[in-house]
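A look at the structure
Residue-level listing of the chains:
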Amino acid sequence: MRHVIALDVGGTGMKAALVGADGELLHQARRATGRERGPDAVVEHILGFAAELRAYGEEHHGEPASAAGVAVPGIVDAERGIAAYSANLGWRDVPLRDLLAARLGGVPVALGHDVRTGGLAEGRIGAGKGADRFLFVPLGTGIAGAIGIDGRVEAGAHGFAGEIGHIVVRPGGTPCPCGQTGCLERYASAAAVTEAWATATGDGAADAADCAKAVTAGDPRAEKVWQEAIDALADGLVTALTLLDPRTIIIGGGLAEAGETLFTPLREAVRSRITFQKLPTIVPAALGDTAGCLGAGLLAWDLLNLTDRTEVAP
């Protein structure tokens, strides 16, 4: 059975799958990334994991994978296939596409940014399916974004498109590691809510999920922390929709797990801020932590289909 390898590399773990032509998951596996052993070891671990998947496909599906897609964090030069920089993994200028292609017997390999790759999956087969323009915003340790246009995700001229977490929503506010002050992710990420709630309660073990539970229980301290995050997020989203005019905004990441505790006030906050702009549909992500892996599979099939078309062109 014809299939591709899909790899989603995270700071602590890797998710992988063999994906069939119609998107079915033929096999799934997970491994620790092993970043504590250093960047060279991480790269070798990725290559070894991919080789295992190739061998599994050959044994169980009668042939090796026809292509591979891999999503990685940090700065990615997808056109040249280079993992340029990742603070979490400690690597710089890793020619990951070529290394993987060599380890996998010369098959085509597509390299993508983790958030944009997850956004590709959400837009094509997840919560944004059928939307011609969407914005995918995962709220995790930080806040990133993926701009979807007609079934593809826009990387920008230099690979930095969609970095909504670094829109300044509170000028002169909390310093951000990016060098600015008042960035959105310093107020509305899961990490920011965790920090604010831990400070409000004096409990260093309290986190964003605890804050959401306290909101539903009517705790006024939690309501204040939560509303400040909602207000900052709405300010950032209105800036984004003013520039991009998306039909759908897809919210994912850990904070989205709060469900309507997040979405009901967020929709109202965005609605109350717009003037001439068109109100987008604001929905939760549908694919969870499988989005990156599924998106990597889509990258691989896209590359393979492009290769096939090129080979048969006159």
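On a predicted model such as this, the values are computed, not experimentally measured, just so you know.

So, the overall build of the protein
- What the protein contains, in helices and strands, is nine helices and 13 strands.
- For the protein, the C-alpha radius of gyration of 20 Å lies close to 20 Å, the compact-globule estimate for 314 residues.
- Seen through its principal axes, the protein has C-alpha atoms that stretch 60 × 45 × 35 Å.
- Per-residue burial for the protein yields a buried fraction of 49% across its 314 residues.
- In the structure as shown, the protein presents an accessible area of about 14300 Å², 53% of it carried by carbon and sulfur atoms.
- Taking the average location of the 27 positive side-chain charges in the protein and that of its 38 negative ones, the two points are 3 Å from each other.

With respect to the pattern of salt bridges
- For the structure shown, the criterion picks out 19 salt bridges.
- Where D231 meets R273, a salt bridge forms, and the shortest distance between an N and an O atom there is 3.4 Å. With a gap of 42 residues between them, D231 in helix α7 (residues 220–244) and R273 in helix α8 (residues 260–273) connect regions that are remote in the sequence.
- Given a relative accessible area of 24%, D231 falls into the partly exposed group.
- Taken together, the shared-partner salt bridges connect R170, D231, D235 and R273 into one network.

Overview of the layout of surface pockets
- Looking at the largest pocket, its volume works out to about 1700 Å³.
- As for the largest pocket, its lining consists of 50 residues, and the residues nearest its centre are D114, V115, T141, G142 and A144.
- For the lining of the largest pocket, the elements supplying multiple residues, two or more each, are β1 (3–9), β5 (75–77), β6 (82–86), α3 (114–125), β9 (133–138), α4 (185–188), β12 (248–252) and α9 (291–312).
- Residues belonging to the lining of the largest pocket are distributed by class as follows: 21 nonpolar, 19 polar and ten charged.
- As a volume, the second largest pocket reaches approximately 490 Å³.
- Taken together, 21 residues form the lining of the second largest pocket, with A78, L111, G112, V153 and L299 sitting closest to its centre.
- Among the elements of the structure, β8 (109–113), α3, β11 (152–154) and α9 are those that each provide at least two residues to the lining of the second largest pocket.
- Ranked by residue count, the leading element in the lining of the second largest pocket is β8, at five residues.
- Residue composition of the lining of the second largest pocket, grouped by class: ten nonpolar, five polar and six charged.

Let's talk about the pairing of strand β2 (residues 13–20)
- Burial analysis of β2 places seven of its eight residues in the buried class, the great majority of the element.
- Relative to β2, β1 runs antiparallel, the two being bridged by seven bridges. Note on β2: the bridge partner recorded for H3 is G20.
- In this structure, the hairpin formed by β1 and β2 is closed by a connection of three residues.
- Bridging between β2 and strand β3 (residues 25–32) involves seven bridges; their strand directions are antiparallel. Looking at the pairing, A16 lines up with A29 of β3.
- In textbook terms, the turn of a hairpin is the stretch between consecutive antiparallel strands, and for β2 and β3 this stretch comprises four residues, one of which, G23, has a positive phi near 90 degrees.

Brief notes about the packing of helix α5 (residues 190–201) against α7
- With their axes 10 Å apart at the nearest point, α5 and α7 run at an angle of 155 degrees to one another. Between α5 and α7, the interaxial angle falls into the category roughly antiparallel. For the crossing formed where α5 meets α7, the hand is right-handed. For the pair α5 and α7, the contacting residues are V193, A196, W197, A200 and T201 in the first and R221, A222, V225, W226 and A229 in the second.

Points about empty space enclosed by the protein
- Counted by the stated rule, this structure contains one cavity of 30 Å³ or more.
- As a volume, the largest cavity reaches approximately 30 Å³.
- Surrounding the largest cavity, I5, L7, A50, A68, G69, V70, L100 and L104 form its lining.
- Of all the elements in the fold, those that place two or more residues in the lining of the largest cavity are β1 and β4 (68–72).
- The element that contributes the greatest number of residues to the lining of the largest cavity is β4, accounting for three residues.
- Of the residues that constitute the lining of the largest cavity, the class distribution is seven nonpolar, one polar and no charged.

Re unusual backbone geometry
- At D93, a position not held by glycine, the phi torsion is positive, near 50 degrees.
- Counting through the fold element by element, D93 comes out in strand β7 (residues 91–94).
- For D150, which is not glycine, the phi torsion reads 50 degrees and is therefore positive.
- Structurally, D150 is set in the loop between β10 (146–149) and β11.

Some points on a nonpolar patch on the surface
- A surface patch of nonpolar side chains, amounting to about 260 Å² of accessible area, comprises I75, Y85 and F160.
- Relative to the assigned elements, Y85 resides in strand β6.

What counts and what doesn't
- Residues numbered from 1 in each chain as written.
- Predicted model: local features only at pLDDT ≥ 70, side-chain atom pairs only at ≥ 80, totals over all residues.
- Heavy atoms only, no water.
- Helix = DSSP H or I, 4+ residues; strand = E, 2+ residues; numbered from the N terminus.
- Rg over C-alpha atoms; globule rule 2.2 N^0.38 Å.
- Buried < 20%, exposed > 50% of the residue type's maximum accessible area, 1.4 Å probe, protein only.
- Areas by Shrake-Rupley, 256 points an atom, 1.4 Å probe, with all protein chains shown as cover.
- Lys, Arg positive; Asp, Glu negative; His and termini not counted.
- Charge placed at Lys NZ, Arg CZ, Asp CG, Glu CD.
- Salt bridge = Lys/Arg side-chain N within 4 Å of Asp/Glu carboxyl O.
- 1 Å grid on protein atoms, 1.4 Å probe; cavity = no way out; pocket = protein on both sides within 12 Å on 5 of 7 lines; lining within 4 Å.
- Points joined across faces, edges and corners; volume = space filled by probe spheres on them.
- Nonpolar A, V, L, I, M, F, W, Y, C, P; charged D, E, K, R; others polar.
- Pairing = 2+ DSSP bridges.
- Axes fitted to C-alpha atoms, helices over the stretch in contact; angles between N-to-C directions.
- Parallel < 35°, antiparallel > 145°, perpendicular 65-115°, else oblique.
- Left-handed = near helix turned anticlockwise from the far one by under 90°.
- Contact = heavy atoms within 4.5 Å.
- Patch = residues over 30% accessible without salt bridge, like charges linked within 9 Å, V, L, I, M, F, W, Y side chains within 5 Å.

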